[in-house]
Amino acid sequence: MEQTRQGKAGRKPRRKRIKADTYDFGLFFVVLTLVLFGVVMIFSASYYDTMSSQGDMFYYLKRQGVWAILGTIGMVVAMNVPYQLWKKLSFPLYMISNFLLLILPVIGKDAKGQIRWIQLGPLQFQPSEFTKIAVILYLSCYVLNHRKELGNLKGFAKAAGILAIPVVLIAMSNFSSALLLLLVGTTILFIASPKIWYFVAGIGALIPFAAIMVILPQFRYRLTRITTWLDPWSDLQGSGYQTVQSLYAVASGGLFGLGLGQSRQKTFIPEAHNDIIFAIICEELGLVGAALVIILFAVVVWRGIRIAMNARDNYGMLVATGITSVIAFQSLINIGVVTNTIPNTGQPLPFISYGGTALLVAMGMMGILLNISKYPKDMKNTE
């Protein structure tokens, strides 16, 4: 009997393994709903224009449909990759993204006076979209590894510098994307940092930089956007044209809209299938349809916040917070521009606006968020 007890006492305990929970399938299906809805609305907003310009009314429908399929595959793959793996890859991804931003002015493609795309054969992509997830992954990793240093100004400045580098590089050609990245990164730092007054000092330090990005002659058009926002009717045929036409579309939709495909303003709004697509949604589906879209985005943000709060560890919490804030801020900016609540900026509506890079990155981020949802902090350990 004594030997038996000793044998049991001497036996090494089995290593505990983590039993994964299930994915947040509610979030999964809401994202797919938004993507499919976006494909439909892109066709509805573009078929009239592509009939004359491309000779094919399904031109954008087919292209966005392919990206939607690829994005869905990417999301499914990402949701099956343990999110801790991204922690190991975060620094290389961050460095690659900064390198792409650095060489963008040299090898980038000029489109409508802006260099924001890199052309690779028949494909082109925006480095700024790739930078979003790279910064989220690495900044979350950095602040966790140096969380004790965030309590002093020097340590906080180092973390802020990690965010500032890509923000400045993006701001040279795409101020709205730089602003979005700044908001997302600041959200991560705000949650991780114990000193709130650092953010007040940081905002003060950004004021001269923001002034430079508006006052310099090559960036003077940004000041015009502010004056146009204050009174878009002052230049109906110029800088205020898109804003006024968007407001006409929003107003003419009424409660239930004119009907799918019946928009009149899409013949006046330049590239209505892109950043201004929410105006077409309002016109064709009315206040009810627009409200349903906003509710779907609210559900995505709500589920994202829940996933962040229930994440197994702090890294999962910060990454989930960053991903959720991208969708939240980008949606608010896009809808705010369409309704002239904020000055005009070039941010697409997540999952809905036309664009392959933006859709792939957004769905990839959702895949990472879904993987985080699979490992909540209250999951059971099994012998």
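Everything quoted here is computed from the prediction, not taken from an experiment. Note on numbering: residues in each chain are counted from 1, in written sequence order. pLDDT decides what is reported in this predicted model: residues at 70 or higher carry local features, side-chain atom pairs at 80 or more are listed and counted, and totals for whole chains, interfaces and linings draw on all residues regardless. Hydrogen atoms and water are omitted, and side-chain values are computed over all heavy atoms in the structure.

**Details of the pattern of salt bridges**
Here's step 1: Definition used for salt bridges: Asp or Glu carboxyl oxygen within 4 Å of a side-chain nitrogen of Lys or Arg. Scanning the entire structure with this criterion turns up four salt bridges.
Here's step 2: One salt bridge connects Asp56 with Lys62, and the closest N-O pair in it is separated by 2.7 Å.
Here's step 3: Measuring nitrogen to oxygen at the nearest pair gives 3.8 Å for the salt bridge that ties Glu284 to Lys266. Here Glu284 is found in helix α11 (residues 277-309), whereas its partner Lys266 is found in the loop between α10 (241-252) and α11, with 18 residues between them in sequence.
Here's step 4: For Glu284, a relative accessible area of 1% puts it in the buried group. Per the convention used, a helix needs a DSSP run of H or I reaching at least four residues, while a strand needs a run of E reaching at least two, with both numbered from the N terminus. Here the term buried applies to any residue with accessible area under 20% of the maximum for its type, exposed to any over 50%, and partly exposed to those in between, with areas from a 1.4 Å probe on protein chains only.

**Points about the nonpolar core**
Here's step 1: To define a nonpolar core, start from buried Ala, Val, Leu, Ile, Met, Phe, Trp, Tyr and Cys residues and group those joined through side-chain atoms within 4.5 Å. Phe278, Ile323, Phe351 and Met366 are the most contacted members of the largest nonpolar core, which totals 91 residues.
Here's step 2: Sorting elements by how many residues they give to this core places α11 first, with 12 residues.

**Thoughts on the side chain of Glu129**
Here's step 1: Within the secondary structure layout, Glu129 lies in helix α5 (residues 127-145).
Here's step 2: Assessed through its relative accessible area of 4%, Glu129 is described here as buried.
Here's step 3: Engagement of the side chain of Glu129 in a polar contact is seen with the side chain of Lys132, the distance being 2.9 Å.
Here's step 4: Any two residues having at least one pair of non-hydrogen atoms within 4.5 Å are treated as being in contact. Apart from the residues within four sequence positions on either side, Glu129 is in contact with Thr357, Ala358 and Val361. As used in this structure description, the phrase polar contact means that two N or O atoms lie within 3.5 Å; if the pair is within protein, one of them must be able to donate a hydrogen and the other to accept it, and residues adjacent in sequence are counted only when both atoms belong to side chains.

**Regarding the packing of α5 against helix α6 (residues 153-171)**
Here's step 1: Geometry is summarised by axes, namely lines fitted to C-alpha atoms with helices restricted to the contacting stretch, and by angles between N-to-C directions that run from 0 to 180 degrees. Where α5 meets α6, the closest approach of the two axes is 10 Å, and the angle between their N-to-C directions is 175°. With respect to α6, the axis of α5 lies roughly antiparallel. Only Lys158, Ala159, Ile162, Leu163, Pro166 and Ile170 of α6 make contact with α5, whose side of the interface consists of Ser128, Thr131, Val135, Tyr138, Leu139, Tyr142 and Val143.
Here's step 2: Following the grouping adopted for this structure description, the nonpolar residues are Ala, Val, Leu, Ile, Met, Phe, Trp, Tyr, Cys and Pro, the charged ones are Asp, Glu, Lys and Arg, and the polar ones are all others, Gly among them. Considered class by class, the residues forming the contact of α5 with α6 number 10 nonpolar, two polar and one charged. Geometric relationships in this document are graded by angle, where less than 35 degrees denotes roughly parallel, more than 145 denotes roughly antiparallel, 65 to 115 denotes roughly perpendicular, and other angles denote oblique.

**Structural notes on the packing of aromatic side chains**
Here's step 1: Stacked, tilted and edge-to-face are the three classes assigned to paired rings of Phe, Tyr and Trp, where Trp is represented by its six-membered ring and a pair needs centres within 6.5 Å; plane angles under 30 degrees give stacked, over 60 edge-to-face, the rest tilted. What the rule picks out here adds up to 12 aromatic pairs.
Here's step 2: Centroid distance Phe25 to Phe28: 6.4 Å. Interplanar angle 80°. Geometry classified as edge-to-face. Separated by three residues within a single helix, Phe25 and Phe28 lie in helix α2 (residues 25-53), roughly one turn from each other.
Here's step 3: The interplanar angle of 55° and the centroid separation of 5.3 Å between the aromatic rings of Phe91 and Tyr138 together place this pair among those described as tilted. Taken together, the positions of Phe91 in helix α4 (residues 83-107) and Tyr138 in helix α5 put the pair 47 residues apart, joining distant regions of the chain.
Here's step 4: Judged by relative accessible area, which is 42%, Phe91 ranks as partly exposed.
Here's step 5: Following the ring pairs from residue to residue traces out a cluster consisting of Tyr23, Phe25, Phe28 and Phe29.
Here's step 6: Here, over-ring charges are defined by two tests on the NZ atom of lysine or the CZ atom of arginine: distance to the ring centre within 6 Å, and angle to the ring normal within 35 degrees. The lysine or arginine in question, Lys87, covers the ring of Tyr315, its NZ or CZ lying 5.4 Å from the ring centre.

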